[in-house]
Amino acid sequence: MMLVHRSTVLAALLALSGTNCNAFSSSTHQNQNNNHRITTTTQLHSTIPAPGSVTSSLTPPSSIDSSSTSDLFDTRVQKTYGRYPITFVSGSGSTLTDENGKTYLDFVSGIATCALGHNNPSLTKAVCDQMGQLHHVSNLYYTPGQGLLAAWLCENSCADKAFFCNSGAESNEAAIKLARKHANDRGITDPVIITAEQSFHGRTLATVTATAQPKYHKGFTYGGEMVRGFKYTPYNDLDALEKLVEEINVTPEEDAKAGRKRGVAAIMLEPLQGEGGIVPGKREYFELARKLCDDNGALLICDEVQVGMGRSGSLWGHEQLGVEPDVFTSAKALGGGVPIGAMMARGEAASVFGPGDHASTYGGNPLACAAGLAVAEYLSEHDVLANVQARGEQLMAGLADIATRYPTVLGEARGWGLLRGVPIKEEAGCTAAELVGDAMAEGLLLVAAGPTVVRFVPPLVVTEEEVTEAMARFEKVIAKRVESSS
């Protein structure tokens, strides 16, 4: 048997990579003739010099001119967002501060993401502590926090198992793949997923196809088609949904002759449509969707990315509708602003994926799960859902009062909990985005939900006083609009 020194192997590997083998020195060699063992102790000497001691070919960030953030964005960041001319540098609770020291009431919360507000001590400590211990390892190994967060999600829902990723789009992508595999396992070669018009499910190619809004499809088709296997139906329209399911379950004759079979893989719905204008689902609509899935062996998927994790006043939006999905997704508030996503499943849906069927490099890593657990603990120990319910009612009442005083500008507010929207009437002479800009000038951050709805999504820990102040600032915005148009 030929024995090889461990130091020899390391040296060979380093030679292949072009690294200086002198970084390794052999400290002891011992040849034991009685059993021909050779023992080598190897010590690694760091070859990384101290900062500034040598000239590097890399340009460090510290030497790049950062005096103008907007200039850096104009020259170096791809223009995938239309940004407001504002740069935030710090935050606390429901308040953000810009680079000029101006403060704003934040009723955007990173678009329903910063559930605990900004610089929450519990979340900050959890992330800092985890960063000082272990921030990332591969999913080839066990991560204690991932197991605990999965258990919390399942203990507080109808789910049996969870899969972790990094965003809402990835969560929904996982749900789509699971639905397709579940259908294929049942012999359906042409699985179809039904989604609702005016939905929003993400920006990946599959999730943007699931998003039944043509404006998001422009420029991304192949031969005029997006990803195949999706059909759209009007939201909350029971007759249309039932008819579409019947239609999909009939395989075209030519396809059947070729041995193919078409069928409904899943019905994928938001319990409340966010980007579609803050439109809550109807209980009877979701009950029908549940029945149709049960009758046809399909999966009911609820996209909880925006409405989930307490924003509706219950932990999950589907709880408002009295149904239990087979699969539901989460992200945004799940990590309180630290990127994490999850796809939960129950029953047989929880066992569809096997090793190698789906994966995520960062999904459920120690850092993200530390954030998720901190949010989960805070929601559980501080009765945050009660605050969401109370502040949601206060917000709804405040918007109704303002609409009563300005009936030509505002319609009837709608939504659940701290996910509320108020429609802007056509005779108002302005868009939702324009009102959002006006509110910003008054130190109130809001976000549009489509061209005609202004959305209010403050942190779940927003106070009574902050909601009162937000309503006062919003009414000032409306009054100025009315005055300028008269």
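Criteria and cut-off values
Residues numbered from 1 in each chain as written. Predicted model: local features only at pLDDT ≥ 70, side-chain atom pairs only at ≥ 80, totals over all residues. Heavy atoms only, no water. Axes fitted to C-alpha atoms, helices over the stretch in contact; angles between N-to-C directions. Helix = DSSP H or I, 4+ residues; strand = E, 2+ residues; numbered from the N terminus. Left-handed = near helix turned anticlockwise from the far one by under 90°. Contact = heavy atoms within 4.5 Å. Nonpolar A, V, L, I, M, F, W, Y, C, P; charged D, E, K, R; others polar. Pairing = 2+ DSSP bridges. Patch = residues over 30% accessible without salt bridge, like charges linked within 9 Å, V, L, I, M, F, W, Y side chains within 5 Å. Areas by Shrake-Rupley, 256 points an atom, 1.4 Å probe, with all protein chains shown as cover. Salt bridge = Lys/Arg side-chain N within 4 Å of Asp/Glu carboxyl O. Lys, Arg positive; Asp, Glu negative; His and termini not counted. Charge placed at Lys NZ, Arg CZ, Asp CG, Glu CD. Buried < 20%, exposed > 50% of the residue type's maximum accessible area, 1.4 Å probe, protein only. Polar contact = N/O pair within 3.5 Å; in protein donor to acceptor, adjacent residues only side chain to side chain. 1 Å grid on protein atoms, 1.4 Å probe; cavity = no way out; pocket = protein on both sides within 12 Å on 5 of 7 lines; lining within 4 Å. Points joined across faces, edges and corners; volume = space filled by probe spheres on them. Phe/Tyr/Trp six-rings, centres within 6.5 Å; stacked < 30°, edge-to-face > 60°.

**Observations regarding the packing of helix H13 (residues 432–441) against helix H14 (residues 464–485)**
Phase 1: Packing of H13 against H14 brings their axes to within 9 Å, and their N-to-C directions diverge by 115°. You can see that H13 and H14 cross each other, and the crossing is right-handed. Note on element contacts: H14 touches H13 through Val477, Ile478 and Arg481, opposite Glu434, Leu435, Asp438 and Ala439.
Phase 2: Looking at the contact of H13 with H14, its residues break down into 4 nonpolar, no polar and 3 charged.

**Thoughts on the sheet that holds strand S18 (residues 447–448)**
Phase 1: The strand order across the open sheet built from 4 strands is S15-S16-S19-S18, with neighbouring strands paired in antiparallel fashion. Unpaired on one side and paired on the other, strand S15 (414–416) and S18 mark the two borders of the sheet.
Phase 2: Pairing geometry for strand S16 (residues 419–423) and strand S19 (residues 453–456), over 4 bridges, is antiparallel. Of the residues in S19, the one forming a bridge with Val422 is Val454.

**With respect to a negative patch on the surface**
Phase 1: A contiguous patch of negative charge on the surface is contributed by Glu197, Asp237, Asp239, Glu242 and Glu246.
Phase 2: Positionally, Glu242 belongs in helix H8 (residues 238–248).

**Regarding the side chain of Arg311**
Phase 1: Among the secondary structure elements, Arg311 is positioned in the loop between strand S12 (299–303) and strand S13 (327–330).
Phase 2: Buried charge without a salt bridge: Arg311, with Asp106 as the nearest opposite-charge side chain at an N-O distance of 8.9 Å.

**Examining the side chain of Thr195**
Phase 1: By secondary structure assignment, the location of Thr195 is in strand S7 (residues 190–196).
Phase 2: Of the polar contacts made by the side chain of Thr195, one reaches the backbone oxygen of Ala210; its length is 2.8 Å.

**Remarks on the environment of Cys369**
Phase 1: Mapping Cys369 onto the fold places it in helix H11 (residues 366–381).
Phase 2: Separated by 95 residues in the primary sequence, Cys369 and Gly274 have C-alpha atoms spaced 26 Å apart.
Phase 3: What Cys369 contacts, discounting residues up to four positions off in sequence, is Gly145, Gln146, Leu149, Ile340 and Gly364.

**Examining the layout of surface pockets**
Phase 1: Considering only enclosed or pocket space, the second largest pocket measures out at about 660 Å³ in volume.
Phase 2: Around the second largest pocket, the lining is made up of 23 residues, and of these Ala162, Phe163, Phe353, Gly354 and His358 lie nearest the centre.
Phase 3: Listed by contribution, the elements that provide at least two residues to the lining of the second largest pocket are strand S6 (161–165) and strand S14 (341–345).
Phase 4: In terms of residue count, S6 provides more of the lining of the second largest pocket than any other element does, 4 residues in total.
Phase 5: Residue composition of the lining of the second largest pocket, grouped by class: 12 nonpolar, 10 polar and 1 charged.

**A look at unusual backbone geometry**
Phase 1: We note that Gln198 has phi near 70°; this positive angle belongs to a residue other than glycine.
Phase 2: Tracing the sequence through the fold places Gln198 in the loop between S7 and helix H7 (205–210).
Phase 3: For Gln198, a relative accessible area of 40% corresponds to the partly exposed category.
Phase 4: Phi is positive for Met309, which is not a glycine, with a value near 60°.
Phase 5: Mapped onto the secondary structure, Met309 falls in the loop between S12 and S13.
Phase 6: Under the relative-accessibility criterion, Met309 is labelled buried at 0%.

**Describing the packing of aromatic side chains**
Phase 1: Tallied over the entire structure, the rule returns 7 aromatic pairs.
Phase 2: On the basis of an interplanar angle of 90° and a centroid distance of 5.3 Å, the ring pair of Phe88 and Tyr104 is categorised as edge-to-face. Of the two residues, Phe88 sits in strand S3 (residues 88–92) while Tyr104 sits in strand S5 (residues 103–106), which places them 16 residues apart along the sequence.
Phase 3: We classify Phe88 as partly exposed; its relative accessible area is 32%.
Phase 4: Look at Phe456 and Phe474: their rings are 5.2 Å apart centre to centre, the planes differ by 90°, and that puts the pair in the edge-to-face class. In this pair, Phe456 is assigned in strand S19 and Phe474 in helix H14, connecting sequence segments 18 residues apart. The residues Phe456 and Phe474 share a single accessibility class, namely buried.

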